[in-house]
Amino acid sequence: MPAGHMRTHSDAGKASQVISSPLFPEVEALLSLFKNSSIQLIDLRKQIDKKLSNLKNEVATQDSKHRKTLSESADTQRETASQTIDLIKYLMEFNSSPGDLMELSPLFSDDSRVAEAASIAQKLRSFAEEDIGRQGMTVSSVMGNATASKGLEVAVGNLQEYCNELENRLLVRFDSASQRKELSTMAECAKILSQFNRGTSAMQHYVGLRPMFDLEVMNADAEMVLGDSGSQPTPSNVEHGLSSLYKGITDTVRKEAATITAVFPSPNDVMSILIQRVMEDRVPNLLERLLVNPSLAHPPPMEEGGLILFLKMLAVAYEKTLDLARDLSAIGCGDLDVEGLTESLFLHHKDVYIEYEQASLKQLYKAKMEELRAENQQASESSGTIGRSKGASIASSPQQISVSVVTEFVRWNEEAISRSTLFSSQPATLAAKVRVVFTCLLDQVCQYITEGLERARDSLTEAAALRERFLLGTSVSRRVAAAAVSAAEAAAAAGESSFRSFMVAVQRCGSSVAIVQQYFANSISRLLLPVDGAHAASCEEMSTAMSRAEATAYKGLQQCIETVTAEVERLLSAEQKATDYRSPDDGFVPDHRPTNACTRVVAYLSRVLEAAFTSLEGLNKQAFLTELGNRFHKGLVNHWQKFTFNPSGGLRLKRDITEYGEFVRRFNAPTLDEKFELLGIMANVFIVAPESLSSLFEGTPSIRKDAQRFIQLRDDYKSAKLASKLSSLWPS
């Protein structure tokens, strides 16, 4: 059955014709599968053999390691036991007798084994102290046990003595290496000393021996910043000196940091001690000399700098010391709060700062007022006084309000606010200080402009007194009358000068108030917002302060109106002639020119009121001009009641009224314009014939009463029997 085919003898003859079918058709596939399976089984056996080999190796390795670990453990235990025996031996040596360190093992005196001796001594000391602690607890728990062992007290004492002696030896070695700048030896000593109280003594010892803390160096600090003892330090010099000094300190600390990092196991701890020493020793030593709180009861005079010098010094010192603290923190100081130390240095000054600021602002104001008075006095003495009349004089010029002075007040306040901001870390604290400082400005400006307005009012009052003094009497000689006229003109000139001065004062007062309001809006307002009600309260204080100045200004403006109306009355009385309105040439060509009195009055008003037009603004200007116009109108009506008018005089009066009305139109007051228009209408009563009077006011019956007063001034009032005619026409 070759190749899976069966063939019989009967089929043999047919083999050449017929191809027989295979008996097992899948045998080829099975043979291939068997071959592949055999190969896979062989590979699997190899993998299993390899894994078994690896497991054998791992077991052998683990067994080797285990045996080694057991061996090492045994060695460690033997070594630990040996060390324990040695420690017990050393401990018994230290516990032999108090103060006896002569019989100790060579280890404790061998300089080459100092590190080992220090480590063992610390271990013994810790063990002995723990044993004493346990013994103490046992004794306290067994009352009356008189036989309780005293344990290792002797060992503790001897170990303490030995450790102190060893620490001192190491510190000596450390100092010697430090002088030779042998950093490796210093580092070795520092590492050993770190076992004694974590190396604190070594750190403090190193810092304490730094040259930067020598007394000579710290004395030189004061000389660098303050200069010679006989000279007066200035803020700019102190600022420059502090900058130089603090830069030197920072550079020194930075160099020390490099050494400390190379020497000490815990450099941050050493840097903390070093910088703390700077902030608690060297800096305070300087500040104590620089910042001596002056007396508030008896402050230093301005000639010696005043309180403002101290405040500027304080601000400079605080700012520069904060810069130093930040620079030192940047170098590295561990967990030390350097800025907190700085704050503690200035805590006392900051607690009383605002009191000094208030006192300084008051001192500055007082000094400025004295300076201005002295300047005004000198100017008065150089120019003398202007004689107004026999035995009377008025100062050439009162001390005038100066906007530049108010600007100086604001500058003082800005500097004070700047210092308050510097010294206040919390917004609420700053708001409280800002309000106090701004209130000082309000007081200064209010007092200054109010006193300036009062001085200007005094000039108006003096001029009014002169006017009253030189009023003409009814029966005086020609010589006396001439002298009185001259004196009255001098008084009028004084009044005009005082009027202008007061208007200038009002204008500068308004400018000063505007400066303060602008300063409040730009610089103060936002600083008050953190505290509820502070902004509103300051606004109220500002309004109250300025209202006092406004009240003084109002009184002065009333005096200005009195001054102008008095001079107008004087001019009308002196210049108006009876023939102006009752010309003997009535019926001839009328004179259409305004009267001389009208011309003088309008010229005077144009000249003097120019100051009012330029100095007053808004509603103040409108109210002043309206009041003045009403007084002027009333004065004219009263003045004309003294005269008799014929037709040509009526025409001249109408011309005068036109002139006055054109001037008053500059006041931009419609009610005044209407009044003068009505005056022009009423002037017609002097021009028309008697029989036309009844129809003259038919369109304006409201002015008939005033018209009747004017009609009575006609020169033909009696001859034309106008009284009876008017009573029949206007019975009311």
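Computed from a predicted structure; not experimentally measured. (Residues numbered from 1 in each chain as written. Predicted model: local features only at pLDDT ≥ 70, side-chain atom pairs only at ≥ 80, totals over all residues. Heavy atoms only, no water.)

Quick notes on the overall build of the chain
A tally of helices and strands in the chain yields 24 helices and 2 strands. Across the chain, the fraction of contacts at a sequence separation of at least 24, relative to all contacts at a separation of at least 6, is 77%. (Helix = DSSP H or I, 4+ residues; strand = E, 2+ residues; numbered from the N terminus. Contact = heavy atoms within 4.5 Å.)

So, the confidence of the model for the chain
For the chain, the mean per-residue pLDDT works out to 83, and 80% of the residues sit at or above 70. The element-level mean pLDDT for the chain is lowest in strand β1 (residues 386-389), coming to 43, with helix α13 (residues 403-423) highest at 96. Taken as a whole, residues 139-149 scores under 50 in pLDDT and shows 2 contacts with residues more than four places along the chain or in a different chain. (pLDDT = per-residue confidence, 0-100.)

Examining the packing of aromatic side chains
Throughout the structure, instances matching the rule amount to 22 aromatic pairs. Here the aromatic rings of Y365 and F409 are separated by 5.4 Å at their centres, their planes lie at 50°, and the arrangement is tilted. Of this pair, Y365 sits in helix α12 (residues 347-383) while F409 sits in helix α13, placing them 44 residues apart in sequence. Like F409, Y365 is buried. Between F645 and F686, the aromatic rings sit 4.2 Å apart at their centres with planes inclined by 20°, giving stacked as the arrangement. On the criterion of sequence distance, the pair formed by F645 in the loop between α19 (618-640) and α20 (647-664) and F686 in the loop between α21 (670-682) and α22 (693-696) is long-range, its members being 41 residues apart. What makes F645 buried here is its relative accessible area of 0%. An aromatic cluster is defined as three or more aromatic residues linked by ring pairs; in this entry it consists of Y581, F643, F645, F686 and F710. The ring of Y206 is capped by R210, whose NZ or CZ atom sits 3.9 Å from the centre of that ring. Across from the ring centre of F213, 4.5 Å away, lies the NZ or CZ of R277, which sits over that ring. (Phe/Tyr/Trp six-rings, centres within 6.5 Å; stacked < 30°, edge-to-face > 60°. Buried < 20%, exposed > 50% of the residue type's maximum accessible area, 1.4 Å probe, protein only. Lys NZ or Arg CZ within 6 Å of the ring centre and 35° of its normal.)

Concerning unusual backbone geometry
Its identity is not glycine, yet K181 carries a phi of approximately 60°, on the positive side. Position of K181 among the secondary structure elements: in the loop between α4 (153-179) and α5 (183-193).

Structural notes on the pattern of salt bridges
Inspection of the entire model under this criterion finds 25 salt bridges. The residue E408 makes a salt bridge to K368 at a minimum N-O spacing of 3.0 Å. One end of the pair, E408, is in helix α13; the other, K368, is in helix α12, with 40 residues separating them in the sequence. Each of K368, E371, E408, R411 and E415 takes part in a single network of salt bridges with overlapping partners. (Salt bridge = Lys/Arg side-chain N within 4 Å of Asp/Glu carboxyl O.)

A short note on the packing of helix α7 (residues 215-226) against helix α9 (residues 267-290)
As a packed pair, α7 and α9 sit with axes 10 Å apart at the nearest point and diverge in direction by 45°. Relative to α9, the element α7 is oriented oblique. Once α7 is placed against α9, the crossing between them reads as right-handed. Between α7 and α9, the contacting residues are V217, M218, N219, D221, A222, V225 and L226 on the first element and D281, R282, N285, L286, R289 and L290 on the second. Classifying every residue of the contact of α7 with α9 by side-chain character gives 7 nonpolar, 2 polar and 4 charged. (Axes fitted to C-alpha atoms, helices over the stretch in contact; angles between N-to-C directions. Parallel < 35°, antiparallel > 145°, perpendicular 65-115°, else oblique. Left-handed = near helix turned anticlockwise from the far one by under 90°. Nonpolar A, V, L, I, M, F, W, Y, C, P; charged D, E, K, R; others polar.)

Comments concerning the layout of surface pockets
Estimated volume of the largest pocket: approximately 680 Å³. Every residue lining the largest pocket is counted, 24 residues in all, and those nearest its centre are V506, G510, E550, A553 and N620. Mapped by element, the contributors of at least two residues to the lining of the largest pocket are α15 (478-528), α16 (534-575) and α19. Here the element with the most residues in the lining of the largest pocket is α16; it accounts for 10 residues. Here the residues of the lining of the largest pocket are counted per class, giving 13 nonpolar, 8 polar and 3 charged. (1 Å grid on protein atoms, 1.4 Å probe; cavity = no way out; pocket = protein on both sides within 12 Å on 5 of 7 lines; lining within 4 Å. Points joined across faces, edges and corners; volume = space filled by probe spheres on them.)

A word on the nonpolar core
In this structure, F264, Y448, F499, L609, F624, W640 and Y660 are the most contacted members of the largest nonpolar core, which totals 164 residues. Of all the elements, helix α10 (residues 306-331) adds the most residues to this core, at 15 residues. With residues up to four places along the chain from it excluded, the contact list for L609 reads F499, F624, L628, F663 and F667. (Core = buried A, V, L, I, M, F, W, Y, C linked by side-chain atoms within 4.5 Å.)

Some remarks on a nonpolar patch on the surface
A cluster of nonpolar residues, V27, L30, L31, L33 and F34, forms a patch on the protein surface that exposes about 460 Å² of accessible area. Here L30 is to be found in helix α2 (residues 27-94). (Patch = residues over 30% accessible without salt bridge, like charges linked within 9 Å, V, L, I, M, F, W, Y side chains within 5 Å. Areas by Shrake-Rupley, 256 points an atom, 1.4 Å probe, with all protein chains shown as cover.)

Topic: the packing of α10 against helix α11 (residues 338-345)
One can describe the packing of α10 onto α11 by two numbers: an axis separation of 9 Å at closest approach and a directional angle of 160°. Judged by the inter-axis angle, α10 sits roughly antiparallel to α11. Pair α10 / α11 crosses with right-handed handedness. Only V338, E339, T342 and E343 of α11 make contact with α10, whose side of the interface consists of Y318, T321, L322, A325, R326 and S329. Among the residues making up the contact of α10 with α11, the classes are represented as 4 nonpolar, 3 polar and 3 charged.

Topic: the side chain of D580
With respect to the element layout, D580 can be found in helix α17 (residues 578-581). For D580, which is buried and forms no salt bridge, the nearest opposite charge comes from R652, at a distance of 4.2 Å. A polar contact is formed between the side chain of D580 and the side chain of Q576, at a distance of 2.9 Å. Once residues within four sequence positions are removed from consideration, D580 is found in contact with E575, T595, G649 and R652. (Lys, Arg positive; Asp, Glu negative; His and termini not counted. Polar contact = N/O pair within 3.5 Å; in protein donor to acceptor, adjacent residues only side chain to side chain.)

A few points about helix α23 (residues 704-711)
Listed in full, the buried residues belonging to α23 are A707, F710 and I711. All buried residues of α23 lie within an arc of 100° about the axis, which places them on one face of the element. (Arc of directions from axis to C-beta.)

Looking at the side chain of T342
In this structure, T342 sits in helix α11. For T342, a relative accessible area of 0% translates into the label buried. Those residues in contact with T342 that lie beyond four places of it in its chain are M279, T321, L322 and A325.

Details of the environment of S523
Position of S523 relative to the elements: it lies in helix α15. Considered as a pair, S523 and E414 are 109 residues apart in the sequence and their alpha carbons are 8.3 Å apart.

A look at the environment of R582
Tracing the backbone through its elements, the reader meets R582 in the loop between α17 and α18 (596-615). Judged by relative accessible area, which is 45%, R582 ranks as partly exposed. Spatially, the C-alpha atoms of R582 and N646 are 5.2 Å apart, while their sequence positions differ by 64 residues. Excluding anything up to four places from it in sequence, R582 contacts T644, N646, G649 and D715.

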